[in-house]
Amino acid sequence: MVGAYHEAQLKLLLERVREGFARYDAGAIDAFQLDDLIHRYKRATQKLWSACVGSGSQVESMARLLEWQRAEGEETDWWELVARRDR
């Protein structure tokens, strides 16, 4: 369950990068803004990896958290989590 969640979240984060490159190619953002976006992606994936894999013993805790979040209709937005910490 945690592995599938990790992969699904990576896909969402990669879509942000894909959108960033599209915006860059269209001239909507410059190279510095794209670079910031890529750094944000990297920080988000590091947080995600730590939560899903971490020390290994965290996998069970993460599985319980995911079950709770789904029951509550909530899910961590790793992209926004990193943005809040940047501010």
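Please refer to the structure higher up on the page.
For every chain, the first residue of the written sequence is number 1, and numbering continues from 1 along that sequence. Only residues with pLDDT of at least 70 are given local features in this predicted model, and only at 80 or more are side-chain atom pairs given and counted; all residues enter the totals for whole chains, interfaces and linings. Side-chain figures throughout are based on the complete set of non-hydrogen atoms in the structure, without hydrogens or water.

**Some remarks on helix α1 (residues 2-25)**
Short version of the rule: Strands here mean DSSP runs of E at least two residues long; helices mean DSSP runs of H or I at least four residues long; both are numbered from the N terminus. One less than the residue count of a helix, multiplied by 1.5 Å, gives the span that helix is expected to have. Think of it in three bands: with a 1.4 Å probe and only protein chains considered, a residue is buried below 20% of the maximum accessible area for its type, exposed above 50%, and partly exposed in between.
Under the 1.5 Å per step criterion, the end-to-end length of α1 is 35 Å for 24 residues, consistent within 8% with the ideal 34 Å. Within α1 the residues assigned to the buried category are Val 2, Tyr 5, His 6, Gln 9, Leu 13, Val 17 and Gly 20. Where α1 ends, the next residue or the one after it, Gly 27, has phi of about 85°, a positive value.

**Considerations on the nonpolar core**
The criterion, for reference: Each nonpolar core is a collection of buried residues, namely Ala, Val, Leu, Ile, Met, Phe, Trp, Tyr and Cys, held together in the definition by side-chain atoms within 4.5 Å. We call two residues in contact when some of their heavy atoms are within 4.5 Å.
Ranked by size, the top nonpolar core spans 19 residues in total, and within it Val 2, Tyr 5, Leu 13, Leu 48, Cys 52, Met 62 and Trp 78 carry the most contacts. Contributions of two or more residues to this core are made by α1, α2 (31-52), α3 (58-72) and α4 (78-86). The element best represented in this core is α2, accounting for 7 residues. Excluding its chain neighbours within four sequence positions, the residues that come into contact with Cys 52 are Val 2, Tyr 5, His 6, Val 59 and Met 62.

**Overview of the packing of α1 against α2**
Formally: To obtain each axis, a line is fitted to C-alpha atoms, and for helices this fit is confined to the stretch in contact; angles are then taken between N-to-C directions over 0 to 180 degrees. Angles below 35 degrees are treated as roughly parallel, those above 145 as roughly antiparallel, those between 65 and 115 as roughly perpendicular, and all remaining angles as oblique. Just so you know the grouping, Ala, Val, Leu, Ile, Met, Phe, Trp, Tyr, Cys and Pro go in nonpolar, Asp, Glu, Lys and Arg go in charged, and all remaining residues, Gly too, go in polar.
At a closest axis distance of 10 Å, the pairing of α1 and α2 adopts a crossing angle of 175°. Taken together, the axis directions place α1 and α2 in an arrangement best described as roughly antiparallel. Residues Val 2, Tyr 5, His 6, Gln 9, Leu 10, Leu 13, Leu 14, Arg 16, Val 17, Gly 20, Phe 21 and Tyr 24 of α1 lie in contact with α2, whose contacting residues are Ala 31, Leu 34, Leu 37, Ile 38, Tyr 41, Ala 44, Thr 45, Leu 48, Trp 49 and Cys 52. The class makeup of the residues in the contact of α1 with α2 is 17 nonpolar, 4 polar and 1 charged.

**Some words on the pattern of salt bridges**
Spelled out, the test is: What makes a salt bridge here is a side-chain nitrogen of Lys or Arg within 4 Å of a carboxyl oxygen of Asp or Glu, nothing more.
Tallied over the entire structure, the rule returns 3 salt bridges. Lys 11 is the salt-bridge partner of Glu 7, the closest N and O atoms lying 3.9 Å from each other. Remark: Lys 11 and Glu 7 occur in helix α1; sequence separation between them is 4 residues, near one turn of the helix. Glu 7 sits in the partly exposed class, given a relative accessible area of 46%. Among the residues examined, Lys 11 registers a relative accessible area of 55% and is labelled exposed. The salt bridge involving Arg 40 is made with Glu 80; its shortest N-O contact spans 3.5 Å. Taken together, the residues Arg 40 in helix α2 and Glu 80 in helix α4 connect sequence positions 40 residues apart.

**Observations concerning α3**
An α-helix turns once every 3.6 residues. As a result, residues three or four positions apart point the same way. Cut-off, in case you're wondering: Working note: the arc is built from the helix axis to C-beta atom directions.
Here α3 is 15 residues long and its end C-alpha atoms lie 21 Å apart, about the 21 Å a rise of 1.5 Å per residue gives. Listing the buried residues of α3 in full gives Met 62, Ala 63, Leu 66 and Gln 69. All buried residues of α3 lie within an arc of 130° about the axis, which places them on one face of the element. In α3, the exposed positions that point more than 90 degrees away from the buried face belong to Glu 60, Arg 64 and Ala 71. Within two residues after α3, Gly 73 carries a phi angle of roughly 75°, on the positive side.

Any functional reading would require information that these geometric values do not contain.
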